[in-house]
Amino acid sequence: MAGNSQRRGAVSKGKKGPTGGSGGKNRRSLEGKGPTPKASERPYHPAAKAAKKAAHRAVTTNARPGGRPPVRRKSTGETEWIAGRNSIVEALRAELPITGIYVASRIETDDRVREILAAAGNRGIPLLEASRQDLDRFTENAVHQGVAATVPPYAYKHPMDLLDAASDSGRPALVVALDGVTDPRNLGAVVRSVAAFGGNGVVVPERRAAGMTASAWKTSAGAAARVPVARATNLVRAIEEYQKAGLFVVGLDADGDVDLPDLRLADGPLVVVVGAEGAGLSRLVREKCDQVVSIPMAAAVESLNAGVAAGIALYEVSRHR
């Protein structure tokens, strides 16, 4: 046929068309490689990774007494960050073991910044310059006001250690325990209220509860430098230990037996237990309370967050005392 005299498989120069054959040079690349391996046999396939993890679990479980799986503990070696000028000033005044202070370049100085810089110089704390973007990243976007500090992981107290401070003060013990509160800002607000009304400390459960993070430090406005926070392995057992030591336990709940103004236990050593907003006190904790009280509220308001509820209760206890 005219205009199509080129051999099959040849390529005309400068025109698109089929490419020429290899002449048998790449024959090996065309040979089959056998059947496709199973998904679990391919090293980088998710199925293979899952099989490897399952085999590892089986080995470690059988190696432990009773066939129990190994216990994994969360690392506590991470550096904590304190953000904000007031929080850092309070931490410096309380002589917390600050390991470094990061200051934004071209920061506008005020009395607090000057006090931070002077205290850092007197105590030999390293001063490091950082961009505001770095400070945002370090503090997880907290309102740092151009300055942040690093401290070792928070050193939690034992729940019974809080009673030592009460005996030294000569006043009846006053402790706040948080049941199921997971927002660190609520923990910080409670710490601040405990400091304002002369409490001896705060107890939080070890699991499923907020800890003393940078956010809690910030919300406490530096009060965390003065008020100890204890961590209980089991909150119910900690409450029982307090009761054995002579403390009354009062729980805050919307369905309380009496209203807060009618509380008659405020004069003695006291543990005030505050539950999570909405959920309230857990069943086991409520059963351990010597009395359950409620805060009178308008019908349109269903519940208060833990920080507000604790502040109101501590004010009422302080008024009775």
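Residues numbered from 1 in each chain as written. Predicted model: local features only at pLDDT ≥ 70, side-chain atom pairs only at ≥ 80, totals over all residues. Heavy atoms only, no water.

A. Region of interest: the packing of helix 2 (residues 85-93) against helix 3 (residues 111-123). The contact between helix 2 and helix 3 brings their axes to 10 Å, and the two run at 35 degrees. As for how helix 2 packs across helix 3, the hand of that crossing is left-handed. Along its contact with helix 2, which presents Arg85, Asn86, Ile88, Val89, Leu92 and Arg93, the element helix 3 presents Arg112, Val113, Glu115, Ile116, Ala119 and Arg123. (Axes fitted to C-alpha atoms, helices over the stretch in contact; angles between N-to-C directions. Helix = DSSP H or I, 4+ residues; strand = E, 2+ residues; numbered from the N terminus. Left-handed = near helix turned anticlockwise from the far one by under 90°. Contact = heavy atoms within 4.5 Å.)

B. The arrangement of the pattern of salt bridges in detail. Using the criterion set out here, one finds twelve salt bridges in the structure. A salt bridge links Asp110 to Arg112; the shortest N-O distance between them is 2.8 Å. A relative accessible area of 27% means that Arg112 is categorised as partly exposed. The shortest N-O distance in the salt bridge between Arg137 and Asp134 comes to 3.0 Å. With Arg137 and Asp134 both in helix 4 (residues 132-138), this residue pair falls three residues apart, about one helical turn. Arg137 sits in the exposed class, given a relative accessible area of 55%. The exposure class assigned to Asp134 is partly exposed, which follows from its relative accessible area of 27%. (Salt bridge = Lys/Arg side-chain N within 4 Å of Asp/Glu carboxyl O. Buried < 20%, exposed > 50% of the residue type's maximum accessible area, 1.4 Å probe, protein only.)

C. Geometry of the nonpolar core. By size, the foremost hydrophobic cluster in this structure holds 54 residues, and its most contacted members are Ile101 and Val202. When residues of this core are assigned to their parent elements, the largest contribution, six residues, is made by helix 10 (residues 306-320). Setting aside residues no more than four positions away along its own chain, Val202 makes contact with Leu162, Val176, Leu178, Leu187, Val190, Val191, Val194, Val227, Pro228, Val229 and Ala230. (Core = buried A, V, L, I, M, F, W, Y, C linked by side-chain atoms within 4.5 Å.)

D. Local environment of the packing of aromatic side chains. Following the criterion strictly, the structure yields five aromatic pairs and no others. An angle of 55 degrees between the planes, with centres 5.2 Å apart, marks the rings of Trp81 and Tyr102 as tilted. Of this pair, Trp81 sits in strand 1 (residues 80-83) while Tyr102 sits in strand 2 (residues 100-104), and the two are 21 residues apart along the sequence. When its relative accessible area of 16% is taken as the criterion, Trp81 is described as buried. Taking 5.4 Å as the distance between ring centres and 65 degrees as the angle between the ring planes, the aromatic pair formed by Tyr102 and Phe138 counts as edge-to-face. Placement of Tyr102 in strand 2 and of Phe138 in helix 4 is noted, with a sequence separation of 36 residues between them. Phe138 sits in the partly exposed class, given a relative accessible area of 24%. Connected via pairs of aromatic rings, a cluster forms that spans Trp81, Tyr102 and Phe138. (Phe/Tyr/Trp six-rings, centres within 6.5 Å; stacked < 30°, edge-to-face > 60°.)

E. Focus on helix 8 (residues 235-244). Within the sequence span of helix 8, burial applies to Leu235, Val236, Ala238, Ile239 and Tyr242. Within helix 8, the buried residues cover an arc of 160 degrees as seen down the axis, which keeps them to one side. Structural note: helix 8 exposes Arg237 and Lys244 on the side pointing more than 90 degrees away from its buried face. Positive backbone phi, at 100 degrees, marks Gly246, one or two positions downstream of helix 8. (Arc of directions from axis to C-beta.)

F. Focus on the pairing of strand 4 (residues 147-151). With five of its five residues buried, strand 4 lies for the most part within the structure. The two faces of strand 4 match: Val147, Ala149 and Val151 on one face and Ala148 and Thr150 on the other face are all buried. Across four bridges, strand 1 lies against strand 4 in antiparallel orientation. Opposite Ile82, over in strand 4, you have Ala149 as the bridge partner. Of the strand pairs in this sheet, strand 2 and strand 4 are connected by four bridges, and their pairing is antiparallel. Each residue of the ladder has a partner; that of Ile101, found in strand 4, is Ala149. (Pairing = 2+ DSSP bridges.)

G. Focus on the packing of helix 6 (residues 184-196) against helix 10. One way to put it is that helix 6 packs onto helix 10 with a least axis distance of 8 Å and a crossing angle of 15 degrees. Judged on the interaxial angle alone, helix 10 and helix 6 are roughly parallel. Between helix 6 and helix 10 lies a crossing of right-handed hand. Facing helix 6, whose interface residues are Asn186, Ala189, Val190, Ser193 and Val194, helix 10 presents Ala306, Gly307, Ala310, Gly311 and Leu314. Of the residues belonging to the contact of helix 6 with helix 10, the class tally is six nonpolar, four polar and no charged. (Parallel < 35°, antiparallel > 145°, perpendicular 65-115°, else oblique. Nonpolar A, V, L, I, M, F, W, Y, C, P; charged D, E, K, R; others polar.)

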